[in-house]
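# Structural overview for review
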Amino acid sequence: MNFWAILLLAFAMSTDAFAVAVCKGVALKVPRFIDAFKVGLLFGFIEAITPALGWVLGYIAVQYVERWDHWVIFALMLFLGVRMIYNSFKEEECTADEPQSGSLIMLILTAISTSIDAFAVGIGLALASVNIAFAAGMIGFVTCVMVTIGILLGKKIGCLIGKKAELLGGLVLIAIGILTLYQHLVL
């Protein structure tokens with residue numbers, strides 16, 4: 001994977017966190033940059049750790065699946081992409097309460113839930129022999145930026161755009177899976 005593919009992957013991985021951030025921003029009266037940035041850092045950190053953990057598992061498994069690793073990558077990206085597309089069409093209320101006690105724990109749990117797909121992507125990155133430090137760093141950085149922007153723009157753009165971003169992210173993941181399969185079977 002080259003720089004642009006990893007950057008595109010990072011944007012795709014951040015779309016579900018962006019959608020959550022937009023919904024959080026909708027509920028805030030006046031989101032402050034520093035608060036949005038702190039949430040962005042939390043989401044970015046967790047989103048960077050999970051593909052690294054997945055990569056470790058994938059690195060261990062690579063010797064067992066090396067013959068058909070491109071099929072595994074394709075299947076993971078297809079599954080995650082379809083899941084994100086499906087979630088983009090689900091009707092969910094886009095509201096969030098003002099921060100309350102325990103909100104840090106809820107933020108952490110939300111960040112973990114939006115980064116589970118990054119764990120599976122990390123497995124695929126190991127099979128594709130990608131530099132995980134760079135890829136995880138890029139995923140974390142882009143997620144931090146996207147979450148910060150999502151919170152700040154939540155009131156203005158509403159939840160509809162967040163769902164469309166998740167749809168686009170799903171399509172990008174499917175495209176990366178198809179490209180990986182094409183490169184291994186045709187080139």
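Each remark here, short or long, concerns the structure printed above.
Quick look at the structure, then.

Here is what the cut-offs are and how they apply
Residues numbered from 1 in each chain as written. Predicted model: local features only at pLDDT ≥ 70, side-chain atom pairs only at ≥ 80, totals over all residues. Heavy atoms only, no water. Helix = DSSP H or I, 4+ residues; strand = E, 2+ residues; numbered from the N terminus. Contact = heavy atoms within 4.5 Å. 1 Å grid on protein atoms, 1.4 Å probe; cavity = no way out; pocket = protein on both sides within 12 Å on 5 of 7 lines; lining within 4 Å. Points joined across faces, edges and corners; volume = space filled by probe spheres on them. Nonpolar A, V, L, I, M, F, W, Y, C, P; charged D, E, K, R; others polar. Salt bridge = Lys/Arg side-chain N within 4 Å of Asp/Glu carboxyl O. Phe/Tyr/Trp six-rings, centres within 6.5 Å; stacked < 30°, edge-to-face > 60°. Buried < 20%, exposed > 50% of the residue type's maximum accessible area, 1.4 Å probe, protein only. Lys, Arg positive; Asp, Glu negative; His and termini not counted.

## A look at the side chain of Ser14
Here Ser14 shows up in helix 1 (residues 3–27). Every residue in contact with Ser14, bar those within four places of it in the chain, is listed here: Val142, Thr143 and Met146.

## Quick notes on the layout of surface pockets
Think of a ball as big as a water molecule: rolled over the atoms, this probe shows where empty space is left. The computed volume of the second largest pocket comes to approximately 230 Å³. As for the second largest pocket, its lining consists of 13 residues, and the residues nearest its centre are Met1, Ala5, Leu179, Thr180 and Gln183. Of all the secondary structure elements, the ones that give two or more residues to the lining of the second largest pocket are helix 3 (69–89), helix 4 (103–127) and helix 5 (132–185). Per-element accounting of the lining of the second largest pocket gives the leading share, five residues, to helix 5. Residues that form the lining of the second largest pocket fall into these classes: eight nonpolar, five polar and no charged.

## What to know about the pattern of salt bridges
Two side chains with opposite charge may pair up if their charged atoms get near one another. Across all of its chains, the model carries one salt bridge by this definition. Across the pair Arg32 and Asp35 runs a salt bridge whose closest N-O atoms are separated by 2.9 Å.

## Quick word on the packing of aromatic side chains
Under the counting rule described, the total for this entry stands at five aromatic pairs. Here the aromatic rings of Trp71 and Phe74 are separated by 6.3 Å at their centres, their planes lie at 85 degrees, and the arrangement is edge-to-face. Here the residue Trp71 and the residue Phe74 both occupy positions in helix 3, the gap between them amounting to three residues, near one helical turn. Taken together, Phe3, Trp4 and Phe134 form an aromatic cluster joined through their ring pairs.

## Brief notes about the side chain of Asp16
Within the secondary structure layout, Asp16 lies in helix 1. Here Asp16 sits buried without a salt bridge, and the closest side chain of opposite charge, Arg83, lies 5.6 Å off (N-O distance). Excluding residues that lie within four positions of it along the chain, Asp16 makes contacts with Met84, Thr114, Asp117 and Glu166.

By themselves these figures say nothing about function.
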